[in-house]
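# Topology and contacts: notes
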Amino acid sequence: MKKYLNIALPKGRLGDKAYDLFERAGLGCPSIKEGGRKLIFENEENLVRYFWAKPSDVAIYVERGAADIGVCGRDILLEYRPDIYELLDLGIGRCRMAVAAPKGFKYDPGVTLKVATKFSRIAQDYYASLGRDIDIIHLNGSIEIAPILGLSDVIVDIVETGTTLKENDLEVVEEIIPISARLIANKVNYNFKNGQIRALADRLAALQEEA
Ligand code: PRP
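This text gives an overview of the structure that appears in the document. Note that the coordinates shown come from a computational prediction; the quantities given were computed from them, not determined experimentally.

### What to know about the site of the ligand
- Within the structure, the ligand sits among K118, G141, S142, E144, D157, I158, V159, E160, T161, G162, T163 and T164.
- E160 is positioned such that a nitrogen or oxygen atom in its backbone is 2.8 Å from an oxygen atom of the ligand.
- In this structure, an oxygen atom belonging to the ligand sits 2.5 Å away from a side-chain N or O atom of T161.
- For the ligand, whose free accessible area comes to 500 Å², the fraction covered by protein is 65%.
- When contributions to the shell around the ligand are tallied by element, the ones reaching two or more residues are strand 9 (154-159) and helix 6 (163-167).
- Considering every element that reaches the shell around the ligand, the biggest residue donor is strand 9, with three residues.
- Looking at the shell around the ligand residue by residue, the class counts come to two nonpolar, six polar and four charged.

Here it is in C-alpha cells:
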C-alpha cells in the first residue's frame, strides 16, 4: 500500500520555486497556495504532505525521518553535513559562496584574518585548504555590516544578485563554491518508499532536460 510522501520545503522564495517544480512533476497540492499562516498541507489524491520549514532546518527533518525528502541548499549540506542522500541538483536557487571585503581591501599574510560568517565550517575548510590562519566570528545574519563596523576584515557569505554587497560598498574578493538547491532524502525512508521517491526524482530530472 502506498503511503503519504512527506516533503520538507524551505520557507521563502526558494521553497515557492521548489513547490512549482513538484507540482509540474505531478505532486500538486492546491491548498498550499491559499496563503495564511498554515504550515502543513496535504493532498489525499496524490498522497503528498508538504510542510514549510526554516531553510536550515529542512535537512534536520529529513535526516531524522520526519520528512522523507526535502529541498535544501548546497550551502546547508556543506555546513551541517547531514547524514542524508543527495538525489538531484534541482538547478534552482543558484548563487555562490564567496569571500567579500570592503572595496580596496588588501590581504596581509602577516596578520590573522578576521572572518565573519553564518557558514563557519565552510569558511574554516576553505581557509584551511589555503593554509591561512583565521579568526572566525560566527554571526546569524546581516553579515555585510561586520567589516563596515570593524568587527571583521572580510565576510564569507552567499552572493546571489550581488545587490547586498554593492549597496554596502563591499566586493567579492574570492569565489569559494557554486551553490544550488538539492533534492535530499532520508536514508531509511528512501528504501521504504523507493518507488514513489525514485519516480518523483526521475520526473524532476526530466523536467530539467525539457527546460
Ligand atoms: C542572503 C545573504 C546575503 C544576501 C545575498 O541573506 O546572506 O546577505 O542574501 O543576496 P544578493 O546577492 O542577491 O543581494 P538573507 O536574505 O538570507 O538574509 P540574512 O542577512 O539575514 O542572512
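### Considerations on the packing of aromatic side chains
- Tallying each qualifying case throughout the model produces five aromatic pairs.
- Here the aromatic rings of F51 and Y61 are separated by 5.3 Å at their centres, their planes lie at 65°, and the arrangement is edge-to-face. Of the two residues, F51 sits in strand 3 (residues 48-53) while Y61 sits in helix 2 (residues 58-63), which places them ten residues apart along the sequence.
- Its relative accessible area of 10% is what places F51 among the buried residues.
- Each residue in the set Y19, F22 and Y50 is aromatic and connected to the rest through ring pairs, giving one cluster.
- Lying across the ring of F41, K38 places its NZ or CZ 5.6 Å from the centre.
- Sitting over the ring of Y4, R49 keeps its end group 4.4 Å from the ring centre.

### Looking at the pattern of salt bridges
- One pass over the full model with this rule turns up eleven salt bridges.
- In this structure, D89 and R182 form a salt bridge, with 3.7 Å as the shortest nitrogen-oxygen distance. One end of the pair, D89, is in strand 5 (residues 85-89); the other, R182, is in strand 11 (residues 181-185), with 93 residues separating them in the sequence.
- For D89, a relative accessible area of 30% gives the class partly exposed.
- One salt bridge in this structure joins R132 and E174, with 3.5 Å as the shortest N-O distance. Of the two residues, R132 sits in the loop between helix 4 (120-130) and strand 8 (134-138) while E174 sits in strand 10 (residues 170-179), which places them 42 residues apart along the sequence.
- Judged by its relative accessible area of 23%, R132 is partly exposed.
- Each member of the salt-bridge network shares a partner with another, and the members are E86, D89 and R182.

About the thresholds
- Residues numbered from 1 in each chain as written.
- Predicted model: local features only at pLDDT ≥ 70, side-chain atom pairs only at ≥ 80, totals over all residues.
- Heavy atoms only, no water.
- Near = heavy atom within 4 Å.
- Polar contact = N/O pair within 3.5 Å; in protein donor to acceptor, adjacent residues only side chain to side chain.
- Areas by Shrake-Rupley, 256 points an atom, 1.4 Å probe, with all protein chains shown as cover.
- Helix = DSSP H or I, 4+ residues; strand = E, 2+ residues; numbered from the N terminus.
- Nonpolar A, V, L, I, M, F, W, Y, C, P; charged D, E, K, R; others polar.
- Phe/Tyr/Trp six-rings, centres within 6.5 Å; stacked < 30°, edge-to-face > 60°.
- Buried < 20%, exposed > 50% of the residue type's maximum accessible area, 1.4 Å probe, protein only.
- Lys NZ or Arg CZ within 6 Å of the ring centre and 35° of its normal.
- Salt bridge = Lys/Arg side-chain N within 4 Å of Asp/Glu carboxyl O.

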